[in-house]
Every structure is written in C-alpha cells, then in structure tokens.
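The chain contents come next:
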Amino acid sequence: MENPLITAIEQRMSANFFDSTYQMPVPLIERLVGLATRAPSAFNLQNWRFIAVRSAAAKTRLCALAWGQRKVHDAATTFIVVGALARHDVLEERLQPSIDAGLMPCRMARAWIQAARELYEGSPQQQRDEAVRSATLGAATLMLAAQALDLASCPMSGFDSAGVANEFGLAGDELPIMLVAVGRPSTGNWPQKPRRPLAQVLQVV
C-alpha cells in the first residue's frame, strides 16, 4: 500500500478552478493551519502567521490586490502566509514548551538564544531571509495538508505585497510571502505537470 504522504506529494497540483459554492468550516481552517505549523523553522522560531480570507467582503479586498485573479473569489479560503522577521528575543518564550516537555535542557535553550542573537541582530537580510524560509515551509506544508484532506490548493505570488500588508494590518516586522488558495476543485484543472528529469536537477557528490 502506498504511503499516503507520498501519494499527496505525487497528486498535488496547482488548481486554477475551484467550486465557488463550497464553504470551508472554521474547524477545517484550524486543522489546516495546525498542520501547517508542524513545518520546521530555524531555532523553532515559528515566525509565521496565517490569515484565512473566507468572507465575501475580505475576498473582494484581496482579489483587488491580487490582479483580479478569480481563484481568490472562487476558492473557499485564500490564506495570506505571513513571515515575521527573525528575532532572538522571542525565543525564550517559544522554546519554553520544549523545556517543559523535557525535550530541551535549559542550557541548550540559552545557547540557541545566543546563537540566534549573533545570527540575526543587526542583520536585516538574515532576518528577512529567515522570514521567507519559514513562511515558505509553512505554505508548502499547508498545501500538502490540503491535498491529504481531499482539497485542492494553489500558491500565488501575483499580488501587491505592500497593499496586502496595509489592507490586512500586518505589523512592521511582517511580510506577506505568498497567497495559498484552498478549496474543492472544479472542472478544468490540469493534473500535476511533468517534472524535469532527475539528471538535470540532481547532483550526487
């Protein structure tokens, strides 16, 4: 029997057409985001946030900032995947649950906080790069979770980043990294498109 995670990876496709009559219940939105937050992040920073755009009014606002792409209206929910600039000063709180669970000794947590300070403090490019990495990993996990729950998804980079940040109240240290439309697929979607041969993308050294 095929592993369901491998099946989800092999069958996931980027949907352009969604069933506009389907409404996603809030518990399912919570389930999807809960799974998305299982993605890895440096130092377990978890420097992401997910804005679930599901009301008609919010979809209209987002669609205007996404070049009028119809999928924003038709998908049950479009997630704004937000990355936060990496900061060492939030790590103590975020590592405490791992300490409480007996997974991490206090001295290790202190070492991680110091390492994060040295990496990010005074380094805006490193802070931004980490925001992009973390949010992208979260978005990818969100899409695989959607596929596993018999939903279709589509990552979207075509939007006014500054406009989305302003319209949806992002903080000064937050960046809208991508949109991910999620819902039930309609007709007309292609299956997953062929990938380049491994010989062109894999180097074993």
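Refer to the structure presented above.
This is a predicted model, so every value here is computed, not measured.

A. Representation of the overall build of the chain. Helix and strand content of the chain: 9 helices and 4 strands. Expressed as lengths along the three principal axes of its C-alpha atoms, the size of the chain is roughly 55 × 45 × 35 Å. The 205 residues of the chain split such that 42% are buried. In the chain, the proportion of contacts linking residues at least 24 apart, taken out of those at least 6 apart, comes to 80%. Taking the 20 positively charged and 18 negatively charged side chains of the chain as two groups, their mean positions are separated by 5 Å.

B. Representation of unusual backbone geometry in the model. A positive phi angle, near 60°, is found at F43, a position not held by glycine. Secondary-structure assignment places F43 in the loop between α2 (26-36) and β1 (48-53). Here Q46, not a glycine, exhibits a phi torsion of approximately 50°, which is positive. Following the sequence through the fold, Q46 ends up in the loop between α2 and β1.

C. Region of interest: the sheet that holds strand β2 (residues 77-84). With respect to topology, 4 strands assemble into an open sheet ordered β1-β2-β4-β3, the strand pairing being antiparallel. Looking along the sheet, the strands with just one partner apiece sit at the ends: β1 and β3 (152-156). The mean angle between the axes of side-by-side strands here comes to 25°, regardless of whether they run parallel or antiparallel. Two elements, β2 and strand β4 (residues 174-183), share 8 bridges in a ladder whose sense is antiparallel. Looking across to β4, one finds that V81 is bridged to M178. Where helix α3 (residues 56-65) meets the sheet, it contacts β1, β2 and β4, and its direction lies at approximately 115° from that of β1. Each of β1, β2, β3 and β4 is contacted by helix α7 (residues 124-148), which is oriented at about 10° to β4, the strand it contacts most.

D. Inspection of the packing of aromatic side chains at higher detail. For the structure shown, the criterion picks out 2 aromatic pairs. Here F43 and W112 contribute two aromatic rings whose centre-to-centre distance is 6.2 Å and whose plane-to-plane angle is 70°, an arrangement assigned as edge-to-face. One end of the pair, F43, is in the loop between α2 and β1; the other, W112, is in helix α6 (residues 106-120), and 69 residues separate them in sequence. A relative accessible area of 30% means that W112 is categorised as partly exposed. The interplanar angle of 85° and the centroid separation of 6.0 Å between the aromatic rings of F43 and Y120 together place this pair among those described as edge-to-face. One end of the pair, F43, is in the loop between α2 and β1; the other, Y120, is in helix α6, with 77 residues separating them in the sequence. Overall, the relative accessible area of 1% leaves Y120 in the buried class.

The rules behind these values
- Residues numbered from 1 in each chain as written.
- Predicted model: local features only at pLDDT ≥ 70, side-chain atom pairs only at ≥ 80, totals over all residues.
- Heavy atoms only, no water.
- Helix = DSSP H or I, 4+ residues; strand = E, 2+ residues; numbered from the N terminus.
- Buried < 20%, exposed > 50% of the residue type's maximum accessible area, 1.4 Å probe, protein only.
- Contact = heavy atoms within 4.5 Å.
- Lys, Arg positive; Asp, Glu negative; His and termini not counted.
- Charge placed at Lys NZ, Arg CZ, Asp CG, Glu CD.
- Pairing = 2+ DSSP bridges.
- Axes fitted to C-alpha atoms, helices over the stretch in contact; angles between N-to-C directions.
- Phe/Tyr/Trp six-rings, centres within 6.5 Å; stacked < 30°, edge-to-face > 60°.

By themselves, these figures tell us nothing about what the structure is for.
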